Amino acid sequence: MVADLFTVRNRFIVFDFGFQSSDRYTCKMSEVLQSIRKVFKQKFNEQPLVIKAPGRINLIGEHTDYNEGFVLPAAIDRYIYFAISKSKTDRCNVYSLDMNEGVSFSIFDLNPGETWVNYLMGVLDGFERAGKPIHGVDCVFGGDIPAGAGLSSSAALCSGFAYGLNQLFDCGLNRVQLAKIAQYSEHEFVGLQCGIMDQYASLFGQKDNALLLDCRSLTHEAIPIKIPGYSFLLIDTKVKHNLASTEYNARRNACEQGVAGILAKYSDVRSLRDVTHSMLAEFKNDLAADTFVKCLYVVEEIRRTQQAVAHLKKKEWVQFGKLLFQTHWGLSQAYEVSCPELDFLVSMAEAETDSVIGARMMGGGFGGCTINLVKVEKLESFQRKVFDQYVATFKKEPDFYLVNLVDGVGGGT
Ligand code: GLA
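Draft legend 1. Fine view of the site of the ligand. Around the ligand, 13 residues are found, and the nearest of them are Glu-62, His-63, Asp-65, Asp-198 and Tyr-248. Within the side chain of Arg-56, an N or O atom sits 3.2 Å from an oxygen atom of the ligand. In the environment of the ligand, an oxygen atom lies 3.3 Å from a nitrogen or oxygen atom belonging to the backbone of Gly-364. Relative to its free-state accessible area of 300 Å², the ligand is covered by the protein chains to the extent of 97%. For the shell around the ligand, the residue count by class is five nonpolar, four polar and four charged. Taken together, domain 1 (2-227 + 406-411) and domain 2 (230-402) each give at least three residues to the shell around the ligand, which thus spans both.

Here it is in structure tokens:
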């Protein structure tokens, strides 16, 4: 399987966002691209359009996007590549290199089922609903974004496919519209009521920058990310989450219930974005205790994300790092979307005061990666320590990821 090409042999990686390139990595990516082109030629014998769609990390602002708050994601150099062309019929013939599996279906028969095909069918349906009906396509795709690691492989899949269709059929949709179609696919065909952060980050990513995204206006400010002497290290718990499995949607529901309660007094409130700490406090006895705690986390996290960006702009790295820890414990204890493995990794990071200035779980939760802000000269010793203690405790090996911040979806080369 192509995924094997990306197995990280040397676990202890030193990396620095945007300011180091990895020849070994680039070489592996070109191998994947070559495989995709080769398989496409074998199967379809045409000249395809080639697209690459990045995964994402999120520095801070977790579970705030569907509350119209702020988030701070960035696109990373882990991609899904697509080779795609028109099929000249109503059929879509799609082959997933990583799954070693192909499917063929008519665009007039888009029914959600149990597999990865849902993501693509949802995008096709989204185009139809946007008044941009399209025809069949031939497509081969594959990449190296680990699935279930919280790096948004599914958003990359939907965003890249949507971008490809838009180009092929000359639909003229802009990137925000494509992000909405990609989100629609997850909502309607996959069953995850996700926010728009992941799709937006994959489509709008900017090299060496994170995006301070306002999830209400769907506009962003690019925030350069360079913290001298420190690197962000991703540690994969290897706990595979299944966001669609009710908990994520339940959190979203709790937030909506909170807003419904607050509306009784503040009729202008549209989402938790409009709610301040003191406004929420007025409803402590009216809202169900659990709803109150969940809403409080979100209200605090929206504010924390703005504070974090202010610290970044003032180069107050230590204060920025402290906010990452605060976010983690809010997600773990109040929002209850963490798991023992994530908590273990963050606790370890917190104890390493000489090496790490901030760490937290990242993404929807229940598994996936932590993001750690680690002193460069301590990277290797920190990773060794984490590796040994994690294996001793959980009897499984964590992975460490090398990533750089990159531009969003575009032509693959
Ligand atoms: C998942 C969702 C996003 C966002 C995060 C949590 O990644 O897809 O929309 O809600 O969880 O911040």
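Draft legend 2. The nonpolar core, seen in detail. In this structure, Ile-57, Phe-127, Leu-151, Phe-161 and Leu-165 are the most contacted members of the largest nonpolar core, which totals 110 residues. With nine residues, helix H8 (residues 289-313) is the single largest residue contributor to this core. Per-domain counts for this core show at least three residues from each of domain 1 (2-227 + 406-411) and domain 2 (230-402). With sequence-adjacent residues up to four places away left out, Phe-127 is seen in contact with Lys-132, Pro-133, Ile-134, Ala-162, Leu-165, Asn-166, Cys-171, Leu-173, Leu-178 and Ile-181.

Draft legend 3. Molecular detail of the sheet that holds strand S3 (residues 73-86). Overall, mixed pairing links the six strands, which are arranged S5-S4-S6-S3-S1-S13 in an open sheet. Each end of this open sheet is capped by a strand with a single partner; those strands are strand S5 (101-106) and strand S13 (410-411). When strand S4 (residues 91-96) meets strand S6 (residues 137-143), the two strands line up parallel, connected through four bridges. For Asn-93, the partnering residue across the bridge sits in S6 and is Asp-138. Along the sheet, helix H3 (residues 153-168) makes contact with strand S1 (49-58), S3, S6 and S13, crossing S3 at roughly 45°. Each of S1 and S3 is contacted by helix H5 (residues 197-204), which is oriented at about 125° to S1, the strand it contacts most.

Draft legend 4. Broad picture of the packing of H8 against helix H9 (residues 317-334). Packing of H8 against H9 brings their axes to within 10 Å, and their N-to-C directions diverge by 165°. Considered as vectors, H8 and H9 are oriented roughly antiparallel to each other. In this structure, the crossing between H8 and H9 has a hand that is left-handed. Judged by residue contacts, Val-293, Lys-294, Tyr-297, Glu-301, Arg-304, Gln-307, Ala-308, His-311 and Leu-312 of H8 engage Trp-317, Gln-319, Phe-320, Leu-323, Gln-326, Thr-327, Gly-330, Leu-331 and Ala-334 from H9. Here the residues of the contact of H8 with H9 sort into nine nonpolar, six polar and three charged.

Draft legend 5. How the structure looks around the packing of helix H4 (residues 175-190) against H5. Running from N to C, H4 and H5 point in directions that differ by 140°, and their axes come no closer than 9 Å. Classified by the interaxial angle, the pair formed by H4 and H5 is oblique. Between H4 and H5 lies a crossing of right-handed hand. Seen from H4, the contacting residues are Arg-175, Val-176, Leu-178, Ala-179, Ala-182, Gln-183 and Glu-186; seen from H5, they are Gln-199, Tyr-200, Leu-203 and Phe-204. Of the residues belonging to the contact of H4 with H5, the class tally is seven nonpolar, two polar and two charged.

Draft legend 6. Expanded view of the pairing of strand S7 (residues 209-214). When you tally the buried positions in S7, you get six out of six residues, the bulk of the element. Neither face of S7 is left uncovered, since the one carrying Asn-209, Leu-211 and Leu-213 and the one carrying Ala-210, Leu-212 and Asp-214 both have all their residues buried. Note that strand S2 (residues 70-71) and S7 share two bridges and pair antiparallel. The residue bridging Phe-70 from the neighbouring strand is Asp-214, located in S7.

Draft legend 7. Looking closely at the side chain of Asp-125. Mapped onto the elements of the fold, Asp-125 is located in helix H2 (residues 117-129). A relative accessible area of 14% places Asp-125 in the buried class.

Draft legend 8. Inspection of the domain arrangement of the chain at higher detail. Parsing the chain into structural domains produces domain 1 (2-227 + 406-411) and domain 2 (230-402). Computed over C-alpha atoms only, the centres of domain 1 and domain 2 are separated by 24 Å. Around 4900 Å² of area is buried between domain 1 and domain 2 when both sides are counted, 62% of it from carbon and sulfur atoms. If you look at where domain 1 meets domain 2, you find five salt bridges. Put simply, domain 1 and domain 2 have 27 residue pairs in polar contact (both at pLDDT 80 or more) between them. Among the secondary structure elements, those contributing two or more residues to the side of domain 1 that touches domain 2 are S1, S2, S3, H4, S7 and strand S8 (219-224). At three residues, the largest contribution of residues to the side of domain 1 that touches domain 2 is made by S1.

Rules behind the numbers
- Residues numbered from 1 in each chain as written.
- Predicted model: local features only at pLDDT ≥ 70, side-chain atom pairs only at ≥ 80, totals over all residues.
- Heavy atoms only, no water.
- Near = heavy atom within 4 Å.
- Polar contact = N/O pair within 3.5 Å; in protein donor to acceptor, adjacent residues only side chain to side chain.
- Areas by Shrake-Rupley, 256 points an atom, 1.4 Å probe, with all protein chains shown as cover.
- Nonpolar A, V, L, I, M, F, W, Y, C, P; charged D, E, K, R; others polar.
- Domains from an automatic or database assignment.
- Core = buried A, V, L, I, M, F, W, Y, C linked by side-chain atoms within 4.5 Å.
- Buried < 20%, exposed > 50% of the residue type's maximum accessible area, 1.4 Å probe, protein only.
- Helix = DSSP H or I, 4+ residues; strand = E, 2+ residues; numbered from the N terminus.
- Contact = heavy atoms within 4.5 Å.
- Pairing = 2+ DSSP bridges.
- Axes fitted to C-alpha atoms, helices over the stretch in contact; angles between N-to-C directions.
- Parallel < 35°, antiparallel > 145°, perpendicular 65-115°, else oblique.
- Left-handed = near helix turned anticlockwise from the far one by under 90°.
- Buried area = accessible area lost by both parts, 1.4 Å probe.
- Salt bridge = Lys/Arg side-chain N within 4 Å of Asp/Glu carboxyl O.

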